[in-house]
Structure formats: structure tokens, C-alpha cells
Amino acid sequence: KAVMAPSLDSFGRDRTAHQEHARQRRIAEREARRTRRRQAREQNGKRIEHREGLSSDDEETSTDITSFNMERDRIVRECKKVFEDVMEDFYSLDSIKSHFEVWRRDYADCYRDAYIGLCLPKLFNPLVRLQLITWSPLEAECANFEYMLWFESLLFYGCEEHGMLPKGDVDVSLLPAIVEKVVLSKLSVLAEQVWDPLSNSQTARLVGFIRRLIKGYPTVLHGDNRYTQELLKTIVLRTRRTLDEDVFLPLYPKNVLENKNSDAYLFYQRQFWSCTKLLGNVLQWEGVLSSSCLRELALDSTLNRYILSALQTTDAGEDNVQKCQQVVECLPAQWFSGLKGQQTLPQLEPFCRYLTHLANSMYRCSLGGSDVERRTAKEQIKEVIKLLGHMNALDHIITVAAEHGIKDIKPLLDAK
């Protein structure tokens, strides 16, 4: 048989072998981090509290961080060469700004007739982008762009000694226009190419930053703005890509998961809690994305597609109650505050039916058991009622309470 020649990369290495070596190195690094964190938790007495898959073990590796820092340093060095053969009057933001301020002050009519106020955002755009080249709100130590030199330089553009621009002056919208065309455009690129929806820290930073923009620049970040629409669309598409390509919940037969020390059980648990973390990350966008879009991503595409399917393939027990508690804790309380009647949201009906089934299964398993097992099962059923109460699923609460003889449900609902 003919022997296929190995595929070589640009450095003359066997591409397949190099990729496999890199994969094994990442696996080793990830397991080493997990081991160190596990040992640290055991020393601090927090071993029981931890859930594999909820930590940031899989979010970044030391190799990736080193490569990223090296590439960023290279880009910073290259940026310094961009205007090295240009006179300062043509690349200094302050110098360019001063020329237009003189024009505005001395020849106001000509300045206005030339529509300079509309041209300035495009003129300053590349200079601002250069200063923002390494700026990323996804990083922990990200600088506030409002404290950067370009922002402080343009903040009082056109202001005379009294420090106020006339009402209706087009230059009032200079900074909002730059935020719109530069900052929002950069955020869209970061959301598509850098942001990892599975990362809790990155998601929290991105959501927090966008909320601050919505509060500080209401004339820019609104539903009718083209750049805002593009940013939100990118966030939704990136989240959907993660759900389609990065989420995997194995559906093992129940007998495979009986051994809680087996690799299959540990892998299932890690994947389940990782998916639950993603559900919480998606729901951080409450108040930013529309309710219909957010519920489709969180409930239809995450909870019902992955989490609920995984719960239904495992034996009913206290462990599943704890998992359901984690899911319910992610759900925004405002979703249920305005509901009328005895039913929850339509997308949550499958989950509520599972909780009802879970209560029935725990009751059946306790039959024939000891008094302690029966009391434990009843306490777990009460926990299920609390979860149903949190979601305003009163019809399911009535069913569960009637079937299991729980008469006083008001204290359970008040404690939800």
C-alpha cells in the first residue's frame, strides 16, 4: 500500500502530530489546574461546596495567556510605527482638534456651512481606534475609555470660556458619535471573535460594560440605532454558536452513572454544571436583550434542549433536586412578578412537569424504606414545591401537594 506523506506546516512539522501534541498539552494543563484548585479547596474546607464545571478551569490556559501577551506586545510595538514618518500636526489629536477649534471660533458661518461637525467623527475615527487598539472590556484590568487621552481631549471640544455649547449645536454629539462608530464597532468584533459565552467572568464584564453604556449614552444605545442592533445581533449569534458547537451533554444509560467514581459519571457531572453555568451567563443579559430573544436562548435552547434532557436520563434523587435548585436560582425573578393565574411561562412547563415527576419518583422510592428515608423524601418534595412556587407554577403545586398530603403550602411559598 502507498504510504501517504505527512502534512507539514510552515515550520516543517507534521501537522497532525503537532496538533495532537498541543491537544495533549492542553489536557495536561487543564487537569493540573483542576488538581491545584481541588487541593486548595480541600485545605480551605470547601471541597463539598464545589461543583466541577462551574469554575474557570476551562476558560484559559497558561500557554494561551503567554501567546496572547506576546502577540499584544508585538502589536503595541507596531502601533508606535504607524505615524513615525508623519508630522505631528497631522496625527496628533490635540493639534488637529486645535485647528478646527480656531476655524469654529473665527469663521463660525463657514464652519457651519461646510458641515464640519458631521465630518469630525470620521476624521478622528482612526486616531481614536489607534488608542483603543489594546482596549478590551473583557479583561479584568480594562481602562475606562472615558479616562483615556482621546476622550479627555475631545470632551470640551468647541467650548468657549463659559464652558457650554449652544443648544442644538451639532458638535454636542461629537463624543456620542465616536462612541457609536468606534466603541460599539469594536465591541461587535470582540463579541464575535474574542468573547467566550461559557466564561462567567468575560460575560459579567461585557454585560456590565454595556449596561454602563446604556445608562451613559442613551442617545446611542437604543433599539433604533444601527450599531446597537449590530452589536446585539452579534451577541445573540455568538451565543447560539456556542450552544450548537461547544455544549455537549452525554446521555448515558442510568446503569452507567451508578458508579459515582467512574469517568463517565465525572464527565457527565462536569458537562452538566458547565451547561448550567452557561444558562446563568445567558440570563445575565436580562434587561439588555429582548425578553423573547432571551427566553428562546435560555429556556428553549439551553434548559429544554440540554439540561432537562440530561436530568430525565438520571435517577430521581436529592442530587437532581440540588441541580434543579441551581437552575431556578438563575431565572430572573421579574419574569414571574407580573404573571396572572396559576400557570408559569409556557417555556417552563416541561421543566415544571419534570419537577412534578421528580417528586412522584422520590415518593415511590421511599415506600418500603425506613422512617428516616420517608421523612427525607417528604422534605425533598417540599423543596420541589418551593421551586415550583418560585416559577409561579401554582397548578403544579396543587397537584404535588394533593398527591403527597402536604396541606400547609403557604409557608413554603412564602419562603421561596
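Residues numbered from 1 in each chain as written. Predicted model: local features only at pLDDT ≥ 70, side-chain atom pairs only at ≥ 80, totals over all residues. Heavy atoms only, no water.

Chemist: Sorry, what's going on with the overall build of the protein chain here?
Modeler: Scanning the protein chain for helices and strands turns up 17 helices and 0 strands. Going through the 416 residues of the protein chain one by one, you find that 41% of them count as buried. (Helix = DSSP H or I, 4+ residues; strand = E, 2+ residues; numbered from the N terminus. Buried < 20%, exposed > 50% of the residue type's maximum accessible area, 1.4 Å probe, protein only.)

Chemist: It is not clear to me how the environment of Glu 286 should be interpreted in this structure. Could you clarify?
Modeler: Locating Glu 286 in the fold gives a position in the loop between helix H10 (263–283) and helix H11 (291–312). A residue is classified by how much of its surface remains accessible, and Glu 286, at 15% relative accessible area, is buried. Residues Glu 286 and Trp 335, spaced 49 residues apart in sequence, show a C-alpha to C-alpha distance of 9.7 Å. In contact with Glu 286, other than residues within four places in its own chain, are Arg 211, Leu 294, Pro 332, Gln 334 and Trp 335. (Contact = heavy atoms within 4.5 Å.)

Chemist: Sorry, what's going on with the packing of aromatic side chains here?
Modeler: We describe a pair of aromatic rings using the distance from one ring centre to the other and the angle between the two ring planes. All chains considered together, the criterion is met by 14 aromatic pairs. Between Trp 103 and Tyr 111 the ring centres are 6.1 Å apart and the planes differ by 85 degrees, which places this aromatic pair in the edge-to-face class. By relative accessible area, Tyr 111 is classed as buried at 5%. Taken together, Trp 135, Phe 145, Trp 150, Phe 151, Phe 209 and Tyr 217 form an aromatic cluster joined through their ring pairs. Across the ring face of Trp 335, the terminal group of Arg 295 is positioned such that the distance to the ring centre comes to 5.0 Å. Stacked on the ring of Phe 272, the Lys or Arg Lys 323 has its end atom at 4.6 Å from the ring centre. (Phe/Tyr/Trp six-rings, centres within 6.5 Å; stacked < 30°, edge-to-face > 60°. Lys NZ or Arg CZ within 6 Å of the ring centre and 35° of its normal.)

Chemist: I tried to follow the confidence of the model for the protein chain on my own but got confused; where do I start?
Modeler: Interpretation of the predicted coordinates at a detailed level should be avoided for regions scoring low in pLDDT. For the protein chain, the mean per-residue pLDDT works out to 86, and 86% of the residues sit at or above 70. For the protein chain, the element scoring lowest by mean pLDDT is helix H1 (residues 15–44), at 69; helix H9 (residues 226–245) scores highest, at 95. (pLDDT = per-residue confidence, 0-100.)

Chemist: I'm lost on the nonpolar core in this one. Help?
Modeler: Across soluble globular proteins, nonpolar side chains have a tendency to be buried as a group. The biggest cluster of nonpolar side chains holds 96 residues, and the ones touching the most others in it are Phe 145, Trp 150, Leu 187, Leu 213, Trp 285, Phe 351 and Met 391. The greatest single-element share of this core, amounting to 11 residues, is contributed by H11. Non-local contacts of Trp 285, meaning those with residues more than four positions away in its chain, are made with Trp 195, Thr 203, Leu 206, Val 207, Ile 210, Arg 211, Ile 235 and Leu 294. (Core = buried A, V, L, I, M, F, W, Y, C linked by side-chain atoms within 4.5 Å.)

Chemist: What exactly am I supposed to notice about the environment of Gly 216 here?
Modeler: Inspection of the secondary structure puts Gly 216 in helix H8 (residues 200–216). The class for Gly 216 is partly exposed, based on a relative accessible area of 47%. With 40 residues separating them along the chain, Gly 216 and Pro 176 place their C-alpha atoms 9.6 Å apart.

Chemist: Hey, could you run me through helix H7 (residues 174–193) in this one?
Modeler: Because an α-helix completes one turn every 3.6 residues, residues spaced three or four positions apart along the sequence face the same direction. Over its 20 residues, H7 runs 28 Å from end to end, which matches the ideal 28 Å to within 8%, given 1.5 Å per residue. At Glu 180, H7 shows its largest bend, some 30 degrees. (Expected span 1.5 Å × (residues − 1). Bend = angle between axes of the 7 residues up to and from the residue.)

Chemist: Before we go on, may I ask you to explain H8 in this structure?
Modeler: In a regular helix each residue adds 1.5 Å, so 17 residues correspond to 24 Å; H8 covers 24 Å between its end C-alpha atoms and thus fits that length. Among the residues making up H8, those that are buried are Gln 202, Thr 203, Leu 206, Val 207, Phe 209, Ile 210 and Leu 213. Seen end-on, H8 carries its buried residues on one side only, within an arc spanning 165 degrees. In H8, the exposed positions that point more than 90 degrees away from the buried face belong to Arg 212 and Lys 215. Tucked into the core, H8 has its buried residues touching H7, H9 and H10. (Arc of directions from axis to C-beta.)

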